[in-house]
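Letter by letter, the chains look like this.
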4 protein chains.
Amino acid sequence: MPVTTRRKSFGSDNHAGAHDEVLHAIAAVNVGDAPGYGHDAWTASAAEQLRTAFAAAGAFFVFNGTAANVLGISLLVRPFDAVICTESAHLNVDECGAVERVLGNKLLTVQSPDGKLTPELVRSRLTGRSDEHRAQPRVVAIAQVTELGTCYSLDELGALGALCRAEGLSLYIDGARLGNAAAYLNCDLADLAAHADVLSFGGTKNGAVAAEAVIVMREDLVAAVPFQRKQQMQLGSKMRFMAAQFTALLEDKLWLRSAEHANSMAQRLADGIARVPGVAVCQPVQSNAVFASLSADRIARLQQDWAFYVWDERENVVRWMTAFDTTAEEVDEFVAAIRASADA
Amino acid sequence: MPVTTRRKSFGSDNHAGAHDEVLHAIAAVNVGDAPGYGHDAWTASAAEQLRTAFAAAGAFFVFNGTAANVLGISLLVRPFDAVICTESAHLNVDECGAVERVLGNKLLTVQSPDGKLTPELVRSRLTGRSDEHRAQPRVVAIAQVTELGTCYSLDELGALGALCRAEGLSLYIDGARLGNAAAYLNCDLADLAAHADVLSFGGTKNGAVAAEAVIVMREDLVAAVPFQRKQQMQLGSKMRFMAAQFTALLEDKLWLRSAEHANSMAQRLADGIARVPGVAVCQPVQSNAVFASLSADRIARLQQDWAFYVWDERENVVRWMTAFDTTAEEVDEFVAAIRASADA
Amino acid sequence: MPVTTRRKSFGSDNHAGAHDEVLHAIAAVNVGDAPGYGHDAWTASAAEQLRTAFAAAGAFFVFNGTAANVLGISLLVRPFDAVICTESAHLNVDECGAVERVLGNKLLTVQSPDGKLTPELVRSRLTGRSDEHRAQPRVVAIAQVTELGTCYSLDELGALGALCRAEGLSLYIDGARLGNAAAYLNCDLADLAAHADVLSFGGTKNGAVAAEAVIVMREDLVAAVPFQRKQQMQLGSKMRFMAAQFTALLEDKLWLRSAEHANSMAQRLADGIARVPGVAVCQPVQSNAVFASLSADRIARLQQDWAFYVWDERENVVRWMTAFDTTAEEVDEFVAAIRASADA
Amino acid sequence: MPVTTRRKSFGSDNHAGAHDEVLHAIAAVNVGDAPGYGHDAWTASAAEQLRTAFAAAGAFFVFNGTAANVLGISLLVRPFDAVICTESAHLNVDECGAVERVLGNKLLTVQSPDGKLTPELVRSRLTGRSDEHRAQPRVVAIAQVTELGTCYSLDELGALGALCRAEGLSLYIDGARLGNAAAYLNCDLADLAAHADVLSFGGTKNGAVAAEAVIVMREDLVAAVPFQRKQQMQLGSKMRFMAAQFTALLEDKLWLRSAEHANSMAQRLADGIARVPGVAVCQPVQSNAVFASLSADRIARLQQDWAFYVWDERENVVRWMTAFDTTAEEVDEFVAAIRASADA
């Protein structure tokens, strides 16, 4: 995606820079020596804060979201296990086959119109259990927020959790945008994690430079993490700088304030285009993304000035994302451009 | 390694923080939006500078040294190939089996007293070629600076390169401390890379926060890198912050000045202990590390106040490392402590 | 599948024993010593016969069909490549995730009502090419005969081959029942292989004890096979006994006569039930399999006396397979039983 | 190894054909249909016999020795675990890196002059435990008979077992020639297995066509085997033919009689050359192998007429192996040839 203008990007929340508080926190830990590889006081403190916030057994930092997913799932699988996820899952589509390569496990995908798994969809893949010819379903992997910008309600999470417990499955949550879900659902992080065995808590898309946390909810899974993380090439030597990013995000819940803001900007955008002829919002707006369909011509015209992705070329669906630093003025300007794109 | 005092650590060059210039550069790119995943101007510029400095075909950023090694080697191997390295190689000892896990390739190790491979040592593992029962030697992987602080001379690199060409092998260089080697050898980066197919150029141990570059010398190897990097979970979304670190290191050759300083501090340390009774320097001091042997009692006493690692418990060998920010006063104080440790 | 009676099994063509000629051939090579691992004259001869029959560059024996598929595909993929196949492919469903585990490559599946891929279906997965976030489509893997008993016509194979060449893809054919396809299509093995880069030629389901051949059509792919086969644990030490099985199958085209017979028995079965009320043949009968739907009650009654598999429990679809040794009487008896199952 | 004459091969016990009883047993199970994939009565019976003989929890058939080793070890390792073995282990040298590729685990090798591990040698690799940078030693893998033809005494096995229990390690035994060890030690199979978690019991080198058994001693390890075996491409569809080979070997302990004979032939060979000038036996003769050193010239002359391998070209060490079908006359003829080789 070449950015063609100096206007605010609606392409991704990772087009934004870092939050100033994050950079300040990085600078604040740059004071002399510290033990490497996370054996420093800042890392201990940030991990402790995360464990508390999630009521978790362990919290571990990695560099990016793909790595968080792979590490998280690696804690839950035997070699012959499979992971149930949506066809549109980041895990399936956007990680260049990292699960298959690094872990060697199969993904069992299901179509989902809104990016969410349901117990019924999960059950559709629970075939061939105990059949040695089949990779064995073992992990249900969901994203909260989903790749389509939707959120699981706490009830929906509970239903998936109940299914997993009943069927001997584990639940992994890709929380690259977990903060946006907490903001939308107005709930605690611990509520979101209640039914998960492992989940990730994304920093990068919410103002960090490059940091994600893997949150381990079960004590018995913790011991393997350091080895898996190192082997998966995610152990940072100067880890205080990763921890500091979360310290900043956790300070007065900066993560929540940023997510609330981003969400509200997406809502403002959705509201702004609600009655624009020829533009239809395709997914419930439950986070910092707006999925909309409009004509290919309008998409092309808009992309001359604005940066965003076409999500589905065949259906002319675009994804517009807001970030912690998107302003109301930028949204309004973009809404105006969308409206105007019809006139051309 | 618990740091037990507020004194300067001689434990590792990654106990140091980040160079101020690196943090400044990070802040400097935190200006509004940019395309993700390295499609930004800062990344293009930093990569271009690296390509020029190394006379390379491509330069790509990853998060840490283990990842650089795995990515670099992944460009050079077929599934049934093996990598020849020293028994003491970081690749073999300190990466939790990442090559075997992520790549699935075998390491063929040789003992080396000074951490260096020689053509003769490499040849000792060139057995069973064309025998389908044997993993096939394909890559020679060396570290420059080695794990024992020694440097290959340009002649030694040339000899290994010639062997590789003659034997149909590729040469990979783990350059986690390549800057220190360039400083010691007083040569250009391109000189160090001349015989390599792929190498890494470490930033983290030389003042960066968390950034390494994989330098690809052969044009035909470049196309696979983006996919391998992504699959290996090393693609940063806000990559400008990784690139910025190298921008800082490359500015007026900060990397070289820092490496020269660290090396000189190691030399000062070695000089300072040269005539201390009961302390013997075990390896040529050719970078920012001093390997020394002294009694277990003295080691224990010193570690009460100073942070450093015992390299070989059986031989009572310790490793003392200096960093870009080690001061002459700190070295002198440490030398005095080493001297004094005999009195106790 | 517990066999509940002494009646002929319609469960699978691998429920049959070995053809007598195969056992004779095994005994015939049991004469004194021979070099191991395929360096014997019998292996050379059988491989040569196969190369000739397929107009192939190489022919290599492995122990079973899963291994043939994994080895065949391994010759065609880079680490970040993906394999396009049907959702119902043996490769996807019945190999316990072997491709993902042993090769680390992703499968991209498409729904297909008759078990066949079409150029259009393949194209539906040709997205994200050159996008580093996506596993890269590289191999089209089909089965001939398909898992649903259908056959690609030579024209259909040609169309897939043309697509592969146009799109830079390779074509792999799982030929576990390739003989049945040749019998149905009344063509040469070389015709079936004409558009493939690699294919397998199944022996086990056609009267062998345990032997499959991997047929390599491109000279440039041959050199890696011995290493890949050994690493994939498929190199037999006393390989003459594997080769002998193919020697028997190739003698006077025993493979073809057996396949023709099995096909004709399936056709006889399909003809026999054509006008049986309540029984519907679901797939074109183009090999040695009949897929039929009938009521769950009738299925249950039939399974009391006859061995066969329910293919789709939800749709009450069963698979009835014939083998080289199925007799007309057995088919007729089974037809009568199917007819009679309505009376209960 | 091209066999250059019609004389008996001393190259490997897998140069021999199959025992007639094995072929008879194969023919005997070729009676009509049977369920596939080991769900037949013959497989159940052979597995039961093996469980009884070994006092084991489970017994599973695979196609070859490399596969037995990989499957056996796969039951014992987490992703970040390492396997301690000798440098000369088949596992390390002769399996084309299958453990690293298929399992992704690291091998930690030690030099051993007689092919045996000792508690002391194992302890030399028990470093870095609990250090996340290190692959974690978890399995001790030995071969009984070793690759150098030597046998562990029961006391030596007990000592390794005790070490493993004390150190939280598992013991795997590569029993490709386990029968020869039992014959040499004059003990039961259960005695050999007493300290192992998993072991293999080789059929192929002792008269089978192509069959090995993986013997699982711990109940908790059994459940994963069917899945691992299938995923590792070792599930035979017509498994009765694999089981039948073991049925033959177990009948009246054919395996033991054959191994005793092969061992006695090796002893006869060793005795015959004991006083031949210029020929020195290099390893204790404790199985069906004789390792000897003699001049390169004599080796070359002998190889004109006799098939055998040079084990170590630098040291002029050859390996001479006997088989179940080696005759006293063949040994005597070979001894005469060895003796005569000096005259040339």
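Everything numeric in this text was worked out from a predicted model, so none of it was measured.

Novice: Lay out the overall build of chain A in plain terms, naming residues and giving numbers.
Specialist: A tally of helices and strands in chain A yields 14 helices and 11 strands. Rg of the C-alpha trace for chain A: 20 Å, near the compact-globule value of 20 Å for 344 residues, within the 12% margin. Each principal axis of the C-alpha distribution contributes one length, and for chain A these read about 60 × 55 × 35 Å. Within chain A, buried positions represent 65% of all 344 residues. Sequence-distant contacts in chain A: of pairs separated by 6 or more residues, those separated by 24 or more amount to 73%. Looking at chain A as shown, the accessible area adds up to about 11400 Å², and 49% of this sits on carbon and sulfur atoms. For chain A, the separation between the mean place of its 30 positive charges and that of its 41 negative charges on side chains is 3 Å.

Novice: Give me the lowdown on helix α1 (residues 20-28) of chain D, citing residues and values where you can.
Specialist: Taken together, the buried positions of α1(D) are occupied by V22(D), L23(D), A25(D) and I26(D). Burial along α1(D) is one-sided: seen end-on, the buried residues are contained in an arc of 160 degrees. Each element contacted by the buried residues of α1(D) is listed here: α1 (20-28) of chain C together with α11 (240-250) of chain D.

Novice: Now, about the relation of the copies chain A and chain B: what can you tell me, with residues and values included?
Specialist: Least-squares fitting of chain A to chain B yields an RMSD of 0.0 Å, with the transformation described by 0.0 Å of translation along the axis and a rotation of 180 degrees. Overall, the copies show the geometry of a two-fold rotation axis. Among all C-alpha atoms of chain A, that of V102(A) lies closest to the rotation axis, at 2.7 Å. Of the residues that chain A buries at the interface, 100% are likewise interface residues in chain B, meaning the two copies contact each other through the same surface.

Novice: Run through the sheet that holds strand β1 (residues 58-62) of chain B, naming residues and quoting values.
Specialist: Residues and elements named next belong to chain B. Pairing is mixed across the open sheet formed by 7 strands, whose spatial order is β1-β7-β6-β5-β4-β2-β3. This sheet does not close on itself; its edge strands, each paired only once, are β1 and β3 (106-110). Across the sheet, the mean angle from the axis of one strand to that of its neighbour is 25 degrees, orientation sign disregarded. Bridge analysis of β1 against strand β7 (residues 212-216) gives 5 bridges, and the strand direction is antiparallel. Its bridge partner lying in β7, G58 is registered against V216. Across the sheet, helix α11 (residues 240-250) touches β1, β6 (198-202) and β7, and the angle it forms with β1 is around 115 degrees.

Novice: Go over the pattern of salt bridges with me, naming the residues and quoting the values.
Specialist: Counted by the stated rule, this structure contains 64 salt bridges over all chains. E48(C) is the partner of R51(C) in a salt bridge, and the nearest nitrogen-oxygen pair spans 2.6 Å. One end of the pair is R51(C) and the other is E48(C), both in helix α2 (residues 41-54) and 3 residues apart, which spans about a single turn. Its relative accessible area of 26% is what places R51(C) among the partly exposed residues. Among the salt bridges present, the one from D332(D) reaches R268(D), with a minimum N-O distance of 2.8 Å. Taken together, the positions of D332(D) in helix α14 (residues 328-340) and R268(D) in helix α12 (residues 254-273) put the pair 64 residues apart, joining distant regions of the chain. Note on R268(D): relative accessible area 36%, which makes it partly exposed. What emerges from the salt-bridge pattern is a single network uniting R7(A), D305(A) and E333(A).

Novice: Got a sec to walk through the relation of the copies chain C and chain D? Specific residues and values, please.
Specialist: Superposing chain C onto chain D takes a rotation of 180 degrees combined with a translation of 0.0 Å along the rotation axis, leaving an RMSD of 0.0 Å. Of the interface residues in chain C, 100% have counterparts in chain D that sit at the interface too, so the contact is made through matching surfaces.

Novice: Could you give an account of the sheet that holds strand β9 (residues 289-293) of chain D, with specific residues and numbers?
Specialist: All names here are of chain D. Strand order across the open sheet formed by 4 strands is β8-β9-β11-β10, with antiparallel pairing between neighbours. A strand with exactly one partner marks an edge of an open sheet, and here the two such strands are β8 (280-281) and β10 (309-312). Where β8 lies against β9, 2 bridges are found, and the strand directions are antiparallel. Bridge pairing in β9 links V281 to A292.

Novice: Give me a negative patch on the surface: which residues, what numbers.
Specialist: All names here are of chain A. The grouping of D20, E21, E251 and D252 at the surface amounts to a negative patch. With respect to the helices, strands and loops of the structure, D20 is situated in helix α1 (residues 20-28). By relative accessible area, D20 is classed as partly exposed at 46%.

Novice: Run through the interface of chain A and chain B, naming residues and quoting values.
Specialist: Across the contact, 52 residues belong to chain A and 52 residues belong to chain B. Summed over the shared surface of chain A and chain B, the number is 2 salt bridges. Joining chain A to chain B, the criterion identifies 33 residue pairs in polar contact (both at pLDDT 80 or more). Breaking the side of chain A that touches chain B down by element, the ones donating at least two residues are α1, α3 (65-74), α5 (98-103), α10 (225-231) and α11 (240-250) of chain A. With 4 residues, the single largest contributor to the side of chain A that touches chain B is α1(A). In the side of chain A that touches chain B, the residues fall into 23 nonpolar, 17 polar and 12 charged.

Novice: Residue-level account of the interface of chain C and chain D, with values.
Specialist: At the interface, 52 residues of chain C touch 52 residues of chain D. Here chain C and chain D share an interface that buries about 4100 Å² over both sides, 54% of which is from carbon and sulfur atoms. Among the residues of chain C in contact with chain D, Q231(C), M233(C) and K238(C) are the three that bury the most area, contributing 19% of the side total. Between the two partners, chain C and chain D, sit 2 salt bridges.

Novice: Please provide a residue-by-residue account of the environment of N64(B), values included.
Specialist: Here N64(B) is to be found in the loop between β1 and α3 (65-74). In sequence terms N64(B) and R275(B) are 211 residues apart; their C-alpha atoms lie 38 Å from each other. Beyond its immediate chain neighbours, meaning those up to four positions away, N64(B) contacts F63(A), M233(A), Q234(A), L235(A), E212(B) and Q234(B). Separated by 3.3 Å, the side chain of N64(B) and the backbone oxygen of M233(A) make a polar contact. For N64(B), the side chain forms a polar contact with the main-chain nitrogen of A67(B), separated by 3.0 Å.

What counts and what doesn't
Residues numbered from 1 in each chain as written. Chains lettered and ligands numbered in written order. Predicted model: local features only at pLDDT ≥ 70, side-chain atom pairs only at ≥ 80, totals over all residues. Heavy atoms only, no water. Helix = DSSP H or I, 4+ residues; strand = E, 2+ residues; numbered from the N terminus. Rg over C-alpha atoms; globule rule 2.2 N^0.38 Å. Buried < 20%, exposed > 50% of the residue type's maximum accessible area, 1.4 Å probe, protein only. Contact = heavy atoms within 4.5 Å. Areas by Shrake-Rupley, 256 points an atom, 1.4 Å probe, with all protein chains shown as cover. Lys, Arg positive; Asp, Glu negative; His and termini not counted. Charge placed at Lys NZ, Arg CZ, Asp CG, Glu CD. Arc of directions from axis to C-beta. Least-squares fit on C-alpha atoms with pLDDT ≥ 70 in both. Pairing = 2+ DSSP bridges. Axes fitted to C-alpha atoms, helices over the stretch in contact; angles between N-to-C directions. Salt bridge = Lys/Arg side-chain N within 4 Å of Asp/Glu carboxyl O. Patch = residues over 30% accessible without salt bridge, like charges linked within 9 Å, V, L, I, M, F, W, Y side chains within 5 Å. Polar contact = N/O pair within 3.5 Å; in protein donor to acceptor, adjacent residues only side chain to side chain. Nonpolar A, V, L, I, M, F, W, Y, C, P; charged D, E, K, R; others polar. Buried area = accessible area lost by both parts, 1.4 Å probe.

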